[in-house]
Amino acid sequence: MHEVRNFLDLDLIDAATPRRIIDVSARIKASGERKPLLANHTLAMVFEKPSTRTRVSFDVAMQTLGGGVVSLEPNGSQLGRGETLADTARILSEYVDVIMFRTSSIEKLEEMVEAATVPVINGLTDRSHPCQIMADVMTFEEKVGPIAGRIVAWSGDSNNVANSWIHAAVQFGFEFRVASPSGLQPPQDILDWAAANGGRVSVGDDPVAAVAGADCVVTDTWVSMGDNGADRRRALLSPYRVDEGLMGHAADGAVFMHCLPVYRGDEATTGVVDGPQSVVWTEAGNRLHAQKGILLWCLHGNAAFD
Ligand code: CP
Ligand code: NVA
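Overview of the structure. (Residues numbered from 1 in each chain as written. Chains lettered and ligands numbered in written order. Predicted model: local features only at pLDDT ≥ 70, side-chain atom pairs only at ≥ 80, totals over all residues. Heavy atoms only, no water.)

**Remarks on the pairing of strand S3 (residues 98-102)**
- With respect to burial, S3 is a largely interior element, five of its five residues being buried.
- Here S3 shows a buried face lined by Val98, Met100 and Arg102 and a second buried face lined by Ile99 and Phe101.
- Direction of pairing for strand S1 (residues 42-47) relative to S3: parallel, over a ladder of five bridges. Looking at S3, one finds that Val46 is bridged to Phe101. (Buried < 20%, exposed > 50% of the residue type's maximum accessible area, 1.4 Å probe, protein only. Helix = DSSP H or I, 4+ residues; strand = E, 2+ residues; numbered from the N terminus. Pairing = 2+ DSSP bridges.)

Here it is, written out as structure tokens:
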């Protein structure tokens, strides 16, 4: 059987792979090359949750590499009428070369992976968002410099994006400091994995302590897709809002990042999102380039890095 290269989570691949994917993505961005490296290849995107950036960046990445794309949602496909994910995965594998899946639970992603015979890319679950973090690390390095040895601070809800930052901290060798209220802190098993793998990840409830001297301050929505209790979350998380005062504790030259969509006035002020330290537009733009690197690795393996 041929090897299937799934892109599921940064803790499931060796550290050299995401490093090389980002290098290739940055190289493609810098050169502006549009070689048809994925001609005659097709991507199926399956969305069980809404998306703007992931949807458009994967679609355009595939098109500019010479490939094709089909997109499915429960509404409008047989998934919405009860056809199983496993059966859907088997059918899609007959037609396409790679599947990108955005869903709620890791179990659903695993069901897709188990039944698919082509690579599967995690396009976000409640637990992680690895494609996002590839673009984020790429953006940090483009704007600030090599991320190894630097400090990234998270202030807010420790959600799927924060979990992928923890994975990245280990794989790319940077310090990651989390400030979140009790009850909204990262899952213990992810923290245990980081500790067991030499990660420098700390968790507390003081945003100023986390941000002090950081090279990057990052946050995300207080109410992720599928979360309940928006009012309770807002009350718990308001001390973690990234405002100009909090940014003032970061290192000189620090950047502000956010995966978007942003809710200005909740997790970050307008002044920060649209301010001089914000790199959120480059970050969103780099989703396109990072998706190219991910797709090339899934479909061409190490040959993608030549
Ligand atoms: N950041 C991100 O994944 O955005 P979308 O939900 O729009 O894809
Ligand atoms: N944490 C957010 C990310 C959206 C891209 C969510 O899951 O809704």
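**Let's talk about the environment of Ser158**
- If you trace the backbone, Ser158 turns up in the loop between strand S5 (151-155) and helix H6 (160-172).
- Under the relative-accessibility criterion, Ser158 is labelled buried at 9%.
- Once the C-alpha coordinates of Ser158 and Pro187 are considered, the two residues, 29 residues apart in sequence, prove to be 8.5 Å apart.
- Setting aside residues up to four positions removed in sequence, Ser158 forms contacts with Val178, Ser180, Leu184, Gln185 and Pro186.
- Among the polar contacts listed, one links the side chain of Ser158 to the side chain of Ser180, at a separation of 2.6 Å. (Contact = heavy atoms within 4.5 Å. Polar contact = N/O pair within 3.5 Å; in protein donor to acceptor, adjacent residues only side chain to side chain.)

**So, the site of ligand 2**
- Within the structure, ligand 2 sits among Leu124, Asn159, Asn160, Asp220, Thr221, Ser224, Met225 and Leu260.
- One nitrogen or oxygen atom from the side chain of Asp220 is found 2.7 Å from a nitrogen atom belonging to ligand 2.
- Within the side chain of Ser224, a nitrogen or oxygen atom sits 2.7 Å from a nitrogen atom of ligand 2.
- The residue inventory of the shell around ligand 2, partitioned by class, reads three nonpolar, four polar and one charged. (Near = heavy atom within 4 Å. Nonpolar A, V, L, I, M, F, W, Y, C, P; charged D, E, K, R; others polar.)

**Here we look at the site of ligand 1**
- Ser51, Thr52, Arg53, Thr54, Arg102, His129, Gln132, Cys259, Leu260 and Arg287 make up every residue found near ligand 1.
- At a separation of 2.7 Å, an oxygen atom of ligand 1 approaches a polar backbone atom of Thr52.
- When ligand 1 is considered free in solution it has 250 Å² of accessible area, and contact with the protein chains removes 94% of it.
- Of the residues assigned to the shell around ligand 1, the class counts are two nonpolar, five polar and three charged. (Areas by Shrake-Rupley, 256 points an atom, 1.4 Å probe, with all protein chains shown as cover.)

**Concerning the packing of helix H1 (residues 16-31) against helix H5 (residues 130-143)**
- Orientation of H1 relative to H5, taken along the N-to-C sense of each, is 60 degrees, at an axis distance of 10 Å. Between H1 and H5, the crossing angle belongs to the class labelled oblique. In terms of crossing hand, the pair formed by H1 and H5 is right-handed. Residue-level contacts link Pro18, Arg19, Ile21, Ile22, Ser25, Ala26 and Lys29 of H1 to Met134, Val137, Met138, Glu141 and Glu142 of H5.
- In terms of residue class, the contact of H1 with H5 is built from seven nonpolar, one polar and four charged. (Axes fitted to C-alpha atoms, helices over the stretch in contact; angles between N-to-C directions. Parallel < 35°, antiparallel > 145°, perpendicular 65-115°, else oblique. Left-handed = near helix turned anticlockwise from the far one by under 90°.)

**Quick notes on the sheet that holds S1**
- Reading across the sheet, the four strands line up as S2-S1-S3-S4 and stay open at both edges, with parallel pairing between neighbours. Strands at the two margins of the open sheet, each flanked by one partner only, are strand S2 (68-72) and strand S4 (120-122). Between one strand and the next, the sheet's axes are offset by a mean angle of 20 degrees, whatever the strand orientation.
- Looking at chain direction, S1 and S2 are connected through five bridges and run parallel.

**Considering H1**
- Taking 1.5 Å as the rise per residue, H1 with 16 residues should run 22 Å; its terminal C-alpha atoms sit 22 Å apart, in good agreement.
- When H1 is considered as a whole, its buried residues turn out to be Thr17, Pro18, Ile21, Ile22, Val24, Ser25 and Ile28. Down the axis of H1, the buried set is contained in an arc of 165 degrees. They therefore lie on one face.
- Close packing links the buried residues of H1 with H5, H6 and helix H12 (280-300).
- In the segment just after H1, Gly32 is the residue with positive phi, at about 65 degrees. (Expected span 1.5 Å × (residues − 1). Arc of directions from axis to C-beta.)

**Description of the sheet that holds strand S8 (residues 216-219)**
- Here we have five strands laid out as an open sheet, ordered S7-S6-S5-S8-S9, and parallel in their pairing. Only two strands of the sheet have a single partner each, and these edge strands are strand S7 (200-204) and strand S9 (255-258). Across the sheet, the mean angle from the axis of one strand to that of its neighbour is 20 degrees, orientation sign disregarded.
- Looking at chain direction, S5 and S8 are connected through three bridges and run parallel. Paired with Ala153 across the bridge in S8 is Val217.

**Some details on the state of the cysteines**
- Applying the stated rule across the entire model yields zero disulfides.
- A disulfide-free cysteine, Cys259 has its sulfur positioned 12 Å from the sulfur of Cys216, the nearest such atom. (Disulfide = S-S within 2.5 Å.)

**Side note on the pattern of salt bridges**
- Tallied over the entire structure, the rule returns 15 salt bridges.
- In this structure, the salt-bridge partner of Glu33 is Lys35, at a minimum N-O distance of 4.0 Å.
- Classification of Glu33 by relative accessible area gives partly exposed; the value is 28%.
- Between Asp157 and Arg233 there is a salt bridge, with its nearest N and O atoms 3.0 Å apart. Linking Asp157 in the loop between S5 and H6 with Arg233 in helix H9 (residues 230-237), this pair joins segments that are 76 residues apart in sequence.
- Using a relative accessible area of 3% as the deciding quantity, one classes Asp157 as buried.
- When its relative accessible area of 10% is taken as the criterion, Arg233 is described as buried.
- Bridged by salt links that share partners, the residues Arg19, Asp23 and Glu141 form one connected network. (Salt bridge = Lys/Arg side-chain N within 4 Å of Asp/Glu carboxyl O.)

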